[in-house]
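Summary of structural features
Next come the chains, spelled out residue by residue.
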Amino acid sequence: MRKNLISLDKSQMNESIIKKSLKIGVVGIGRIGLPTALCFANASFQTIGIDINEKLVDMINSGNYPLKDEPEFDKIFENVISKKMFSATTDISEAIPNCDIILLSLPTPMDHQNVPDYTALLTVGKTLNGLLADGQIVIVESTVEPGFIENELLNTIEGPEKNLISGKDFHLAVCPETANPGEIMNDFKKLPRLVGAIDEKISPLVSSLYTDVFGVELIPMPNCKTANAVKLTTNVFRDINIAFVNELAILFEKLGIDTYTVIDAAKRKYNFQPHIPGPGVGGPCLPVNSYQYLNSSKKIDSNFLKIVQDARKINESMPNHVINLLNDAFFESKKPLENSTVTLLGVSYKPNVHDIQIAPSEEIAKLLDKKNIQLKIFDPFFINETVFGYKVEKSITDALIGTDAMILITAHNEFKKLNLTSIFSSLNKPILIDCTGIIDPKNAKSNGIIFRGIGRGDNF
Ligand SMILES: NC(=O)c1ccc[n+]([C@@H]2O[C@H](COP(=O)([O-])OP(=O)(O)OC[C@H]3O[C@@H](n4cnc5c(N)ncnc54)[C@H](O)[C@@H]3O)[C@@H](O)[C@H]2O)c1
C-alpha cells in the first residue's frame, strides 16, 4: 500500500523525488496539461495523461504529437514516448489509484453569459471522491477564482457524506500555470511558480517536486486563494491596460497622434509598462480571468472592480471599431462596402499560435457577415481548415484574388516577413486595415493603399 505522503519527513520526501519513485497523473492533457505531463516524464517520473478526448489519447499513444505550434515540444514528446515514460488513457478509474500526485489541468471557460464554468473540475472532483484513498496529493493547475478550491472543489472531493477527509485521505494544493501559448516550453523553464495548499504541511513536497522538474523559483503562498488571486491579478492587469491603450488609440486617431510613437517614447520611462492596442482581447485566459474576478467580486458587491467591467466593455467593443475604420476607408475609396469582398489576414487570438478561442476575429467576421460582405480568410496556421464556416485560403495570393479590402488581424511572423505593402499595391485601389501595428502607414500610403490602422492618427 502507498505511504501517505504527509507522513514522510523532509528527507523521505526528498528521497522520493531524487529516486523518482512518485507516479504522476495529469488529468486534462490539452495546451497546458500535455507539455506539463511531458516535463514530469522527461524528469524521469513515470507519468500518465488522462483525458476524455479519445482521439487525442489515441493520437498521443500512436506517437503523433498535437501542439505543432509549440517550439521544442516535438523533441521532448519523442524523447519521453520512446523511453516509455509517458502514455495517455481515457480511463480515469484505472489510472488514478496508481498515482501519487494528480495534477488537474482542466479547462475553466465561461458560458454565454460570461459566467465562469467549472464543470470539468467539479466532474473530475466528484470522480476523485471515489478513487482517492491513501494520501495522494491533488494539485490544481487550472486557473480559478479565489475561494473556488477551498469551497466548491474541496467539498466535492470530500463528498457530501465526507467519506474522504482532506489532510488525511488526500491533500489539495494549487500551482497555477502561467505559461504563454507559443512559448510554453520556454516559459516552463523560466517563470516562477506559486504554491498554495489547504494543508500547509504539504507545500514543501509540492515545491520540491516542481523545483526538480522545472528548476524554477517556487513562491510559497499562505493558501490556495492567494495563489489564485496572484494568477488572476497578472492577467487582469493586462486586460485593463490593453483597454486603456485601446481607448487612447481611438482618441489619438481623432487627435492625429500616432499611438505607437507615444508608446515607444513612454516606455523609456522606467515605470511605464507598454501595452499595445488591438482588435480586442481573446484567448482562454485574459477575458475569462477578468470575468472570474468579476464573479468573485459580485458575490460581495456588484460595484466592486468597476475598472475591470469597463475594461471588458472597451476591449469587447474593439471589433466594432475595426468595422468603423473599414467604413471610413471605403468612404474614401468611393467604393460601396455592401456586397464587397473583404479578406481577413490572421484569425488566431495572438500571433504564431493555432488558436481561435474567444478570438476578436470571430466577432469581426460576424459583423461583416451582417453587412452582406463576402468574406475570405487567410491564416498560415489554419490552411485547409474551415474557420467560422469559411474554408481558409491556401496562400496569400489566393486570398487576395477578387478582394476589395484586407483586415490584418493577427501579427503572425509570416505576415511580418512578407512585404505586405508591395503585395497589396498590385491590387486596384486596395484598402488595408491594420489592427496589429506591423504596417508602416507612410509606406502603405505611398504605395497607393487606402490605409487605416488602430491607433494610427493622421500625423504621418
Ligand atoms: N492555454 C493557455 O494559454 C493557458 C495558460 C495558463 C493557464 N491556463 C489554464 O490551464 C487550464 C487548462 O487550459 P488549456 O488551455 O490547457 O485547456 P485545453 O482545452 O487545451 O485542455 C483541456 C483538456 O482537458 C480535457 N478535459 C475536459 N474535460 C475533461 C474531463 N472531465 N476529464 C478529463 N479531461 C477533460 C479536454 O479534452 C482537453 O484536452 C485552464 O484553467 C486555463 O485557464 C491556460
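The paragraphs below set out a description of the structure included in this document. It should be emphasised that the depicted structure is a prediction, and the values quoted were computed from it without experimental measurement.

This part is about the side chain of Thr 410. Mapped onto the secondary structure, Thr 410 falls in the loop between strand E13 (405-408) and helix H16 (413-417). The exposure class of Thr 410 is buried, given its relative accessible area of 2%. Within polar-contact distance, the side chain of Thr 410 engages the backbone oxygen of Ser 348 at 2.9 Å. Other than its neighbours up to four places away in sequence, Thr 410 contacts Leu 345, Gly 346, Val 347, Ser 348, Lys 350, Pro 351, Phe 415 and Thr 436.

If you walk across this open sheet you meet the eight strands as E3-E2-E1-E4-E5-E6-E7-E8, and the pairing is mixed. In the strand order of this sheet, the two ends are held by strand E3 (86-89) and strand E8 (218-220), each with one partner. Geometrically, the sheet is characterised by an average inter-axis angle of 25 degrees between neighbouring strands, direction not taken into account. Alignment of strand E4 (residues 101-104) against strand E5 (residues 136-140), held across four bridges, turns out to be parallel. Considered in E5, the bridge of Ile 101 is made with Ile 137. Contacts between helix H7 (residues 149-158) and the sheet are confined to E5 and strand E6 (170-174), with E6 contributing the most and set at about 150 degrees to the helix. Across the sheet, helix H9 (residues 203-214) touches strand E1 (24-27), E4, E5, E6, strand E7 (193-197) and E8, and the angle it forms with E7 is around 155 degrees.

Attention now moves to the layout of surface pockets. When its volume is computed, the second largest pocket comes out at roughly 1,200 Å³. In this structure, the second largest pocket is lined by 44 residues; those nearest its centre are Asn 180, Arg 238, Ile 242, Leu 286 and Lys 350. Every element with two or more residues in the lining of the second largest pocket is listed here: helix H8 (184-190), E7 and helix H10 (224-255). Of the residues contributing to the lining of the second largest pocket, the split by class is 24 nonpolar, 12 polar and eight charged.

Rules behind the numbers
- Residues numbered from 1 in each chain as written.
- Predicted model: local features only at pLDDT ≥ 70, side-chain atom pairs only at ≥ 80, totals over all residues.
- Heavy atoms only, no water.
- Helix = DSSP H or I, 4+ residues; strand = E, 2+ residues; numbered from the N terminus.
- Buried < 20%, exposed > 50% of the residue type's maximum accessible area, 1.4 Å probe, protein only.
- Polar contact = N/O pair within 3.5 Å; in protein donor to acceptor, adjacent residues only side chain to side chain.
- Contact = heavy atoms within 4.5 Å.
- Pairing = 2+ DSSP bridges.
- Axes fitted to C-alpha atoms, helices over the stretch in contact; angles between N-to-C directions.
- 1 Å grid on protein atoms, 1.4 Å probe; cavity = no way out; pocket = protein on both sides within 12 Å on 5 of 7 lines; lining within 4 Å.
- Points joined across faces, edges and corners; volume = space filled by probe spheres on them.
- Nonpolar A, V, L, I, M, F, W, Y, C, P; charged D, E, K, R; others polar.

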